[in-house]
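Spelled out, the chains give:
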Amino acid sequence: PENLVYVTYTSGSTGKPKGIGMPHRALLNLINWQLQETRLPEGARTLQFASLSFDVSFQDMFSTWGMGGTLVMITDEARRDIGGLARLISEKEVHRLFIPAVALQQLAEGFCTQEQISATLHKVIAGSEQLQITRSIARMFTELKTCSLHNEYGPSEAHVVTELALPATVESWPERPAVGRPIYNSQIYILDRQMQPVPIGVPGELFIGGSGLARCYLNRPDLTAERFIPNPFSDSAG
């Protein structure tokens, strides 16, 4: 479980791109959680939207195969035409979709241009950026009465570590939903500069612990020691 399953690189927006070593443990924990918490029709079809160079593609593929579902592959051209993706989802009778939050807005606009919105879509998981509920997104999920929206969060240095399932009543959705609660074997702490938990409602820095963490920054032992610190609230090192 501690062997590397892949290395991904940050965009470099805050400096030189960093290689992040992700162990099998983190991916296995995520997939196990996904399989136990997901409720979809037997043989459900998941759209393989994420590029194979993006870590979400592992979540697309393994969570689908693990539940005996079907993975619906698309071309790069279809992936770039997010507005037209709504029609493809309807034609392919897709039940589940993992999609970046910013792309969800374009997808919703595509759905809203259709005369009849597909009724097969059961679950949409948004991530990668902060989720913002727009009029188009609200309308899409109001029309898709059997489809739920889930907000997932995880930085580059971890796989998905929190999830929020939005309530069935779309009118009650906040404009900017929270990131939710930790998934299995994950811990989330909001700490002050003295590494102490802050009271509810007080800003602090987010710290993540548990099985979802990456192993290291590749060939950067100095930065690894600085960022991957022992958990002061646990007897384990994670």
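Since the model is a prediction, treat every value here as computed from it, not as a measurement.

1. Topic: the overall build of the protein
The helix and strand inventory of the protein stands at seven helices and 12 strands. Against the 2.2 N^0.38 benchmark of 18 Å for 238 residues, the protein shows a C-alpha radius of gyration of 19 Å, consistent with a compact globule. For the protein, the spread of C-alpha atoms along the principal axes amounts to about 55 × 40 × 35 Å. The 238 residues of the protein split such that 45% are buried. Within the protein, contacts between residues separated by at least 24 positions form 61% of all contacts whose residues are at least 6 apart in sequence. Of the accessible surface of the protein, which amounts to about 13100 Å², a share of 52% is contributed by carbon and sulfur atoms. Averaging the locations of the 20 positively and 24 negatively charged side chains of the protein gives two centres separated by 2 Å.

2. Concerning the environment of R215
With respect to the element layout, R215 can be found in the loop between β11 (205-210) and β12 (216-217). Classification of R215 as partly exposed rests on a relative accessible area of 40%. Linking R215 and R25, residues 190 residues apart in sequence, is a C-alpha distance of 9.6 Å. In this structure R215 touches E2, N3, L4, G21, P23, T224 and F228, once residues within four positions along its chain are discounted. Separated by 2.8 Å, the side chain of R215 and the backbone oxygen of E2 make a polar contact.

3. What to know about the packing of helix α5 (residues 101-112) against helix α6 (residues 135-143)
Orientation of α5 relative to α6, taken along the N-to-C sense of each, is 55°, at an axis distance of 8 Å. Considering the angle they form, α5 stands oblique to α6. With respect to the hand of their crossing, α5 and α6 are arranged in left-handed fashion. Contacts between α5 and α6 involve L104, Q105, L107, A108, E109, F111 and C112 on the former and, on the latter, S136, I137, R139, M140 and F141. Of the residues in the contact of α5 with α6, the class split is eight nonpolar, two polar and two charged.

4. Considering the side chain of H159
Structurally, H159 is set in the loop between β7 (148-153) and β8 (162-165). Under the relative-accessibility criterion, H159 is labelled buried at 4%. Of note is the side chain of H159, whose polar atom sits 2.8 Å from the side chain of Y6. The contacts of H159, once residues within four sequence positions are left out, are Y6, M22, A26, L27, L30, D55, Y153, G154 and G212.

5. Considerations on helix α4 (residues 82-91)
For α4, the full list of buried residues reads I82, G84, L85, A86, L88 and I89. Those residues of α4 that are buried are in contact with β3 (45-47), α3 (76-80), β5 (96-100) and α5. A positive phi of about 55° marks E93, the residue just after α4.

6. Things to note about the nonpolar core
Residues L47, L104, L107, F141 and L149 are the most contacted members of the largest nonpolar core, which totals 33 residues. Looking at this core, the elements with two or more residues in it are α4, β5, α5, β6 (123-127) and α6. The greatest single-element share of this core, amounting to six residues, is contributed by α5. Once residues within four sequence positions are removed from consideration, L104 is found in contact with I99, V124, A126, L131, I137, F141 and L149. By size, the runner-up hydrophobic cluster in this structure holds 10 residues, among which are Y6, M22, A214 and Y217.

7. A word on the packing of aromatic side chains
Scanning the model with the defined rule gives six aromatic pairs in all. Taking the centre distance of 5.7 Å and the plane angle of 90° together, the rings of F62 and W65 count as edge-to-face. Of this pair, F62 and W65 are both found in helix α2 (residues 56-66), three residues apart, which corresponds to roughly one turn of the helix. Its relative accessible area of 37% is what places F62 among the partly exposed residues. Assessed through its relative accessible area of 48%, W65 is described here as partly exposed. Ring centres of Y217 and F228 lie 5.4 Å apart, and the angle between their planes is 75°; this geometry places the pair in the edge-to-face category. Of the two residues, Y217 sits in strand β12 while F228 sits in the segment after α7 (221-227), which places them 11 residues apart along the sequence. Given a relative accessible area of 2%, Y217 falls into the buried group.

Cut-off values and rules
- Residues numbered from 1 in each chain as written.
- Predicted model: local features only at pLDDT ≥ 70, side-chain atom pairs only at ≥ 80, totals over all residues.
- Heavy atoms only, no water.
- Helix = DSSP H or I, 4+ residues; strand = E, 2+ residues; numbered from the N terminus.
- Rg over C-alpha atoms; globule rule 2.2 N^0.38 Å.
- Buried < 20%, exposed > 50% of the residue type's maximum accessible area, 1.4 Å probe, protein only.
- Contact = heavy atoms within 4.5 Å.
- Areas by Shrake-Rupley, 256 points an atom, 1.4 Å probe, with all protein chains shown as cover.
- Lys, Arg positive; Asp, Glu negative; His and termini not counted.
- Charge placed at Lys NZ, Arg CZ, Asp CG, Glu CD.
- Polar contact = N/O pair within 3.5 Å; in protein donor to acceptor, adjacent residues only side chain to side chain.
- Axes fitted to C-alpha atoms, helices over the stretch in contact; angles between N-to-C directions.
- Parallel < 35°, antiparallel > 145°, perpendicular 65-115°, else oblique.
- Left-handed = near helix turned anticlockwise from the far one by under 90°.
- Nonpolar A, V, L, I, M, F, W, Y, C, P; charged D, E, K, R; others polar.
- Core = buried A, V, L, I, M, F, W, Y, C linked by side-chain atoms within 4.5 Å.
- Phe/Tyr/Trp six-rings, centres within 6.5 Å; stacked < 30°, edge-to-face > 60°.

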